[in-house]
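Examining the three-dimensional arrangement
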Amino acid sequence: RDRGLLCYFDTYEAARVFAAAHPIVFFSHQWLGHASPDPSGEHFRAMVAAGVQLCEAFNIDEAELLIWADFHSIPQKNKYL
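Residues numbered from 1 in each chain as written. Predicted model: local features only at pLDDT ≥ 70, side-chain atom pairs only at ≥ 80, totals over all residues. Heavy atoms only, no water.

**Some thoughts on the packing of aromatic side chains**
As a reminder of what qualifies: Note on aromatic pairs: the rings of Phe, Tyr and Trp (six-membered ring only in Trp) are paired at centre separations within 6.5 Å, and the planes decide the class, stacked below 30 degrees, edge-to-face beyond 60, tilted for the rest. Relative accessibility under 20% of the residue-type maximum defines a buried residue, over 50% an exposed one, and the middle range a partly exposed one, all with a 1.4 Å probe and only protein chains included. Helix and strand labels come from DSSP, where a helix needs a run of H or I of at least four residues and a strand needs a run of E of at least two; each type is numbered from the N terminus.
Counted according to the given criterion, the structure contains two aromatic pairs. Ring centres 4.8 Å apart and planes at 45° place the aromatic pair F9 and F18 in the tilted group. Overall, F9 belongs to the partly exposed group, its relative accessible area being 35%. Ring centres of F26 and W68 lie 4.5 Å apart, and the angle between their planes is 70°; on these two criteria the pair is classed as edge-to-face. Of this pair, F26 sits in strand β1 (residues 24–28) while W68 sits in strand β2 (residues 66–70), placing them 42 residues apart in sequence. Relative accessible area serves as the criterion here: at 39%, F26 is assigned to the partly exposed category. The exposure class of W68 is partly exposed, given its relative accessible area of 48%.

**Notes on unusual backbone geometry**
One non-glycine residue, N59, lies in positive phi territory at about 55°. Along the polypeptide, N59 turns up in the loop between α2 (42–58) and β2. Under the relative-accessibility criterion, N59 is labelled exposed at 73%.

**A few points about α2**
What counts is decided by this rule: In this analysis, the expected span of each helix is defined as 1.5 Å times one less than the number of residues it contains. When we speak of the arc, we mean the arc of directions from the helix axis to the C-beta atoms. We call two residues in contact when some of their heavy atoms are within 4.5 Å.
For α2, spanning 17 residues, the distance from its first C-alpha to its last is 24 Å, which sits close to the expected 24 Å at 1.5 Å a residue. Buried within α2 are the following residues: M47, G51 and C55. Projected down its long axis, α2 carries its buried residues within an arc of 70°, all on one side. Turned more than 90 degrees away from the buried face of α2 sit Q53, E56 and A57, all of them exposed. Structurally, α2 contributes buried residues whose contacts are with β1 and β2. At the exit of α2 stands N59, carrying a positive phi of roughly 55°.

**Details of the nonpolar core**
Selection rule: What we call a nonpolar core is a set of buried Ala, Val, Leu, Ile, Met, Phe, Trp, Tyr and Cys residues that are connected through their side-chain atoms within 4.5 Å.
Of all hydrophobic cores here, the largest spans five residues; its members are V25, F27, M47, C55 and L65. Mapped onto this core, the elements with two or more residues apiece are β1 and α2.

**A look at the confidence of the model for the chain**
Do not read the fine detail of predicted coordinates wherever pLDDT is low. Here is the rule we go by: One number per residue, pLDDT, summarises how confident the predictor is, and it ranges from 0 to 100.
Per-chain confidence: the chain averages 86 in pLDDT, with 86% of residues scoring 70 or above. No element of the chain has a lower mean pLDDT than β2, which averages 85, and none a higher one than α2, which averages 95.

**Quick word on a nonpolar patch on the surface**
Worth spelling out the cut-off: Patch membership is restricted to residues that have no salt bridge and whose relative accessible area is over 30%. Joining uses 9 Å for like charges and 5 Å for the nonpolar side chains Val, Leu, Ile, Met, Phe, Trp and Tyr. Exposure was quantified through the Shrake-Rupley algorithm and a 1.4 Å probe, taking into account, for residues, occlusion by the shown protein chains and nothing else. By definition here, a salt bridge exists when the distance from a side-chain nitrogen of Lys or Arg to a carboxyl oxygen of Asp or Glu is within 4 Å.
Where nonpolar side chains cluster on the molecular surface, the patch consists of L5, L6 and Y8 and spans about 350 Å² of accessible area. Assignment of secondary structure puts L6 in the segment before α1 (12–21).

Structure (structure tokens):
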């Protein structure tokens, strides 16, 4: 937190104000492996491509797009498990 590498918001209001002023995209995906969320990088490549497309479609500088990439804390259903 003190190194400034991640954004932290301790209140909903702080998050709302920040989100209103910055382009943010949220990605969540189901794990593709038992020991690793994305063993071959398939989801990573898809997220990068989607981010590029969003920047092109909405005229956003790629360096300005903030990404919340979640792969373990948002519960997801899997009908096969």
